[in-house]
Amino acid sequence: MAEGYDTTRFHSTIDEGFVCCICLGVLQDPKQCENNEHYFCSGCIKKHLEKTSHSCPVCQDKLTVETLRKAPRIVADCVSRYKISCDHAARGCDAVLELGALQAHVVQDCDFMPVTCSNEGCDEVVSKRDVKQHEFDLCRFKTTTCDDCGKKMPHHEYGAHGCVLRRDVDEMKTDLAEMKSTQHEILTCVQRLTIAVESLQKSVNSKSTDIVVIAGCNPKTDKSLSSVERFNLLNQTWTQLPGLKIARKGSAAVMFKNQVFVCGGIGDSVGRLDGIEVLDLNGNPPEWHEFFVNLPIKVSAHKCVVHGNRLLIIGGCMKQGESLDTIYELLLVPPYSSKLLCHMKKKRAFHGVELFDDKVLIAGGIGAETDVEIFDIARNECVEMPPLPSPVRCMGTVRRGDTMLLIGGLGNTDENKTSNKIIEYDSKTGQSKILLAMKTERACCSCVCRGNTLIVIGGTWDDPAAVDCFNFSSNSWKRLPSMAEARAFAPAVVVNKENLEF
């Protein structure tokens, strides 16, 4: 049923008489009560009469759906002349038109209307003006025809197609035959290969990454920490960085424009925080400073991701034992404004969050141990996903391809049992499974994934300063050097070594 139009969309002064007193929006398909000409949206008054009361909400006279009267034509005519923004303004449409022309524009003319890709297997939603380019040029599911055998297939399968592989093998055989022609040519190829390997090694070294682990708490004393450490993946060494200005645990950390942002959390003496501390990796020497604005709420046990210039603050808790279902937005560039985007399907804290392009996968946590949902940033809505295979909270998470890995954690609140399982959850299909097991049970740990390497850091268990590494290629675990300080509930971020000037 139709409800009123949001008054904030209008570019005209709205007469209060044309505002529905039920939904407080501008009248849509206006109806009036039988005796006193009180106006309502058709959908609003019918829902009221069917579910709430058989009387006018204003004058309380007896009223039914059958005795409703259509509002005078002049009312609809006046409303139809109001100037309103397009339904798809949030997607980029800047059209402002009379309300009476809105429906035709939205359905027929608007280039920003959301359209689902027609290629089989693709569920991407793009603007109407971009759909053809997406379907024919950009979509990984577009149809590609092999020039050799004529077989049609999705574009993302073409690289593994037999004809392509045979062609590559034939080229390699030709190259090998040419290399074997003379001893001189072989020596030349070896020299070139040596130079290429050295160049590749230099490239890898220059682009190697470091892990920065921030604050958290001492698992044995539960005291909040301010210390910060970085781990060099190439040299496998830990180094101390400047400490935070405020010790905090249960915070969230992200990278934005080569800066580390640490958001919210809880301090031992100050309680929950809304402040943001920033470490500029280009600073010499680097030091933490307060960000220009605070989070919109004081929160801990939350998660944050960066999408474009926006920081999304997801779930957490503002009071002990009370989880949130909110997703807030904070602009990290002027005007640094913030707003509530939407409510999740479930309230959650100590949950898992990973960003997949324009979608955020949200899983587990206190109050929603098996529940999974996905937040569509473009549509600004949350959709339920298939559940996890087992309850989990206070776990570490990383993104690996199209999947989220949920590492360790605790089970149901009443069980409080630490896990050594690593769950793999597919963000596209919702399928999940127990991927592998750690050698020890862990909860509240920090995790990062780089290529075929998963690194699990600290947490609550027998050795909370230890670091373990799993190699997906060799399918084996390896113990790395321990941190200088034991810590749990400590966020970790990955930064390029070439950007560190410590």
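Rules and cut-offs
Residues numbered from 1 in each chain as written. Predicted model: local features only at pLDDT ≥ 70, side-chain atom pairs only at ≥ 80, totals over all residues. Heavy atoms only, no water. Pairing = 2+ DSSP bridges. Helix = DSSP H or I, 4+ residues; strand = E, 2+ residues; numbered from the N terminus. Contact = heavy atoms within 4.5 Å. Axes fitted to C-alpha atoms, helices over the stretch in contact; angles between N-to-C directions. 1 Å grid on protein atoms, 1.4 Å probe; cavity = no way out; pocket = protein on both sides within 12 Å on 5 of 7 lines; lining within 4 Å. Points joined across faces, edges and corners; volume = space filled by probe spheres on them. Nonpolar A, V, L, I, M, F, W, Y, C, P; charged D, E, K, R; others polar.

Asker: Residue-level account of the sheet that holds strand β2 (residues 39-41), with values.
Answerer: Backbone-to-backbone hydrogen bonds join strands into a sheet, with any given pair of strands oriented parallel or antiparallel. One open sheet accounts for 3 strands, arranged β2-β1-β3; its pairing is antiparallel. A strand with exactly one partner marks an edge of an open sheet, and here the two such strands are β2 and β3 (69-70). Where strand β1 (residues 30-32) and β3 come together, 2 bridges link them in antiparallel fashion. Each residue of the ladder has a partner; that of Gln 32, found in β3, is Arg 69. Set on the sheet, helix α1 (residues 42-51) makes contact with β1 and β2; between it and β2 the angle comes to about 90°.

Asker: Account for the layout of surface pockets, naming residues and giving values.
Answerer: Put simply, the largest pocket is a space of about 1,100 Å³. Lining the largest pocket are 39 residues, with Ala 253, Glu 354, Thr 397, Cys 447 and Ala 492 positioned closest to its centre. Sorting the residues of the lining of the largest pocket by element identifies β13 (252-256), β19 (303-307), β24 (352-356), β28 (396-400), β32 (446-450) and β36 (492-496) as the ones contributing at least two each. Looking at the lining of the largest pocket residue by residue, the class counts come to 26 nonpolar, 9 polar and 4 charged. Here the second largest pocket is characterised by a volume of approximately 780 Å³. Lining of the second largest pocket is provided by 29 residues; of these, Asp 358, Lys 359, Asp 376, Ile 377 and Ala 378 occupy positions nearest its centre. At the level of secondary structure, the elements contributing two or more residues to the lining of the second largest pocket comprise β23 (338-348), β26 (372-376) and β27 (381-385). For the lining of the second largest pocket, the leading source of residues is β27, giving 4 residues. Looking at the lining of the second largest pocket residue by residue, the class counts come to 10 nonpolar, 3 polar and 16 charged.

Asker: A description of the environment of Ile 246 should follow, citing residues and the corresponding values.
Answerer: When you line up the elements, Ile 246 lands in the loop between β12 (237-241) and β13. Considering only alpha carbons, one finds Ile 246 and Cys 33, 213 residues apart in sequence, at a separation of 60 Å. Discounting chain neighbours no more than four positions away, the residues touching Ile 246 are Val 270, Leu 273 and Glu 277.

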